[in-house]
Amino acid sequence: MNVLVINAGSSSVKYQLFDMTNETVMAKGKVERIGMETAMLTHEPAGKLEIREVSEILDHTTAIRKVLRILTDPKEGVLRSLHDVHAVGHRVVHGGETFSGSVRIDEGVKQEIKRLFDLAPLHNPGALTGILAVEANLPHITQVAAFDTAFHQTMPPVSFRYPIPSVFYKKHRVRRYGFHGTSHQYVSGRVSELSGRPLDQMKMITCHIGNGASVTAIMNGKSFDTSMGLTPLEGLMMGTRSGDIDPAIVPFAMDKEDLSLNEVNSMLNRHSGLFAVSGGLGDMREIIEAAQEGDRNAQLAFDMYEYRLRKYIGAYAAAMNGFDALVFTAGVGENSALLRKTVCDRLSFLGVKLDDEANERRTGDDRIVSAADSRIEVWVIPTNEELMIARDTFREAVNETMQPST
Ligand code: ADP
């Protein structure tokens, strides 16, 4: 069975086509700048050269049509016909309290994704547009939605409620939802497989640190607490997002700088974090290079990023009364030996001890980087959210074919 995984944003569609008989990627790519005359399709068929095409693509339906066309192209494609796409899985950012796992998409699911627009105004509309665009091109195909929030639905109220008047929870659904759930779930599952210890007997702290960043406390395979909240703004300091700040800064800044709601939102989401502290660098690689060349602001940005991450790890160690494994994933977590070393060396009181050579090795594989006598295992696991979505989609599609017809 072949599963197409789609991650649709407001102006882009990313895709990966999986052959689920061996979970290999047959092709992947993206369409960017949808809505413009200069939209670009980048297509990477496995084992062949990457192809780029610039053309006018004004909407998501056209973008998906282009993707399906190139997947079935006699020369550049990897499928004989559209009949060889058997199911489609979508990444949907917000599933609210409704979805605690992936679901087959029907009218009710689409309505619910729409009802959640006000909780994820930047993300859910793009995902729904992607779902409708697939439907327009492949009207009878099984579609499955996988939610970034779903894994965190196991959090208890002590973690997910905010200490503000309950009307905000009851009427407006204001609570901690958490994000990157597919990634936290995937890497924790891999660590359990690789260490040979059942998930339900492990406590882990998983650090998904890329441009967006979050930490999760996973107790016995279930999300117990996570650093992102109602929105992906809370928690760690990120590329351009502030993470935790005193909430009183918001009305204060609005008053002093005469900012509108949109402006203060944009200030915290797009002009803060590493970008703000370093004075214009949002990318961790550039920050580390600049810091090594003596740039003090870049050094401060790195130090704050590391410090805030380490404080969360300490908090979650306390929240779970200890932990067995610390896991790093996503752009910074997978690639920055320096960040991992700085964090781990300062957690020695918890029994964290790195194997420096293993930590420095650049393999791109799943690997343990703690020393043999470390009380806590430290792992680097490249995340694979698309594979998780493909697995869920495959499972739902197989279940569907096994149900008796009415
Ligand atoms: P996104 O949240 O956009 O998916 P990624 O997970 O791709 O982000 O992470 C992007 C971040 O990873 C960037 O800040 C980038 O600088 C950082 N990164 C990638 N490689 C390295 C590296 N070798 N050292 C430090 N940071 C890195």
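As named in an unreviewed UniProt entry, the protein is Acetate kinase, taken from Paenibacillus hemerocallicola. According to the UniProt record, the Sequence similarities (unreviewed entry) comment for the protein is "Belongs to the acetokinase family." The record held by UniProt for the protein lists under Catalytic activity (unreviewed entry) the comment "acetate + ATP = acetyl phosphate + ADP".

The next point concerns the UniProt feature "active site" (unreviewed entry) in the protein. As annotated in UniProt, the feature "active site" (unreviewed entry) corresponds to D148 in the numbering used here. Turning to its location among the elements, D148 is positioned in the loop between β8 (142-147) and α4 (157-160). Contact partners of D148, with chain neighbours within four places excluded, come to R91, V92, V93, G178, F179, H180, G181 and T182. Of note is the side chain of D148, whose polar atom sits 2.6 Å from the side chain of R91.

What follows deals with the site of the ligand. Around the ligand, the structure places G210, N211, G212, D283, M284, R285, I288, A330, G331, V332, N335 and S336. The backbone of V332 places a nitrogen or oxygen atom 3.3 Å from an oxygen atom of the ligand. When isolated, the ligand has an accessible area of 580 Å², and the protein chains bury 69% of it. Counting only elements with at least two residues in the shell around the ligand, the list comes to α10 (284-292) and α12 (330-335). Per element, the largest residue contribution to the shell around the ligand is four residues, and it comes from α12. For the shell around the ligand, the per-class residue count stands at four nonpolar, six polar and two charged.

In this model, helix α6 (residues 181-195) (15 residues) spans 21 Å end to end at C-alpha, consistent with the 21 Å of a helix rising 1.5 Å per residue. Where burial is concerned, most of α6 is hidden: twelve out of the 15 residues are buried. Among the residues making up α6, those that are buried are G181, T182, S183, H184, Y186, V187, S188, G189, R190, V191, S192 and S195. The secondary structure elements touched by the buried residues of α6 are β8, β9 (203-209), β10 (213-219), β12 (325-329), β14 (377-380) and α15 (385-402). Downstream of α6 by one or two residues, G196 has phi in the positive range, about 70°.

Once that is clear, we can look at the sheet that holds strand β4 (residues 36-45). Sheet architecture is open: eight strands sit in the order β5-β4-β3-β2-β1-β6-β8-β7, paired in mixed fashion. Since the sheet does not close on itself, it has two edges, and those belong to β5 (51-57) and β7 (103-104), each with one partner. Pairing of strand β2 (residues 13-19) with strand β3 (residues 24-32) involves seven bridges; the strand directions are antiparallel. Its bridge partner lying in β3, V13 is registered against V31. Contacts from α15 reach β1 (2-8), β2, β6 (87-92), β7 and β8 within the one sheet, and its direction differs from that of β6 by about 130°.

For the rest of this paragraph, the subject is α15. The first and last C-alpha atoms of α15 sit 26 Å apart over 18 residues, in line with the 26 Å expected at 1.5 Å per residue. Residues E385, L387, M388, I389, A390, D392, T393, E396 and A397 constitute the buried set of α15.

The final tally for this structure, using the stated rule, is three aromatic pairs. Pairing F99 with F147 gives two aromatic rings, centres 4.3 Å apart and planes at 5°, and the pair type is stacked. Placement of F99 in the loop between β6 and β7 and of F147 in strand β8 is noted, with a sequence separation of 48 residues between them. The pair formed by F99 and F147 is uniform in burial state, with each residue classed as buried. A ring pair is formed by Y312 and Y316, whose centres lie 5.6 Å apart and whose planes are at 65°; its orientation type is edge-to-face. Here Y316 and Y312 lie together in helix α11 (residues 296-319), a separation of four residues that amounts to about one turn. A single burial state applies to Y312 and to Y316, both of which are buried. Positioned above the aromatic ring of F160 is the side chain of R175, whose terminal nitrogen or guanidinium carbon lies 3.6 Å from the ring centre. Over the ring of Y177 we find R175, and its NZ or CZ is 5.0 Å from the ring centre.

A few words on unusual backbone geometry. Residues other than glycine seldom take positive phi values, yet R173 does so here, at roughly 65°. Relative to the elements of secondary structure, R173 occurs in the loop between α5 (167-170) and α6. Even without being a glycine, N220 presents a positive backbone phi close to 55°. Residue placement: N220 occurs in the loop between β10 and β11 (222-226). Among the residues examined, N220 registers a relative accessible area of 40% and is labelled partly exposed.

Cut-offs used in this document
Residues numbered from 1 in each chain as written. Predicted model: local features only at pLDDT ≥ 70, side-chain atom pairs only at ≥ 80, totals over all residues. Heavy atoms only, no water. UniProt positions renumbered as here; feature names shortened; annotations may be inferred. Helix = DSSP H or I, 4+ residues; strand = E, 2+ residues; numbered from the N terminus. Contact = heavy atoms within 4.5 Å. Polar contact = N/O pair within 3.5 Å; in protein donor to acceptor, adjacent residues only side chain to side chain. Near = heavy atom within 4 Å. Areas by Shrake-Rupley, 256 points an atom, 1.4 Å probe, with all protein chains shown as cover. Nonpolar A, V, L, I, M, F, W, Y, C, P; charged D, E, K, R; others polar. Expected span 1.5 Å × (residues − 1). Buried < 20%, exposed > 50% of the residue type's maximum accessible area, 1.4 Å probe, protein only. Pairing = 2+ DSSP bridges. Axes fitted to C-alpha atoms, helices over the stretch in contact; angles between N-to-C directions. Phe/Tyr/Trp six-rings, centres within 6.5 Å; stacked < 30°, edge-to-face > 60°. Lys NZ or Arg CZ within 6 Å of the ring centre and 35° of its normal.

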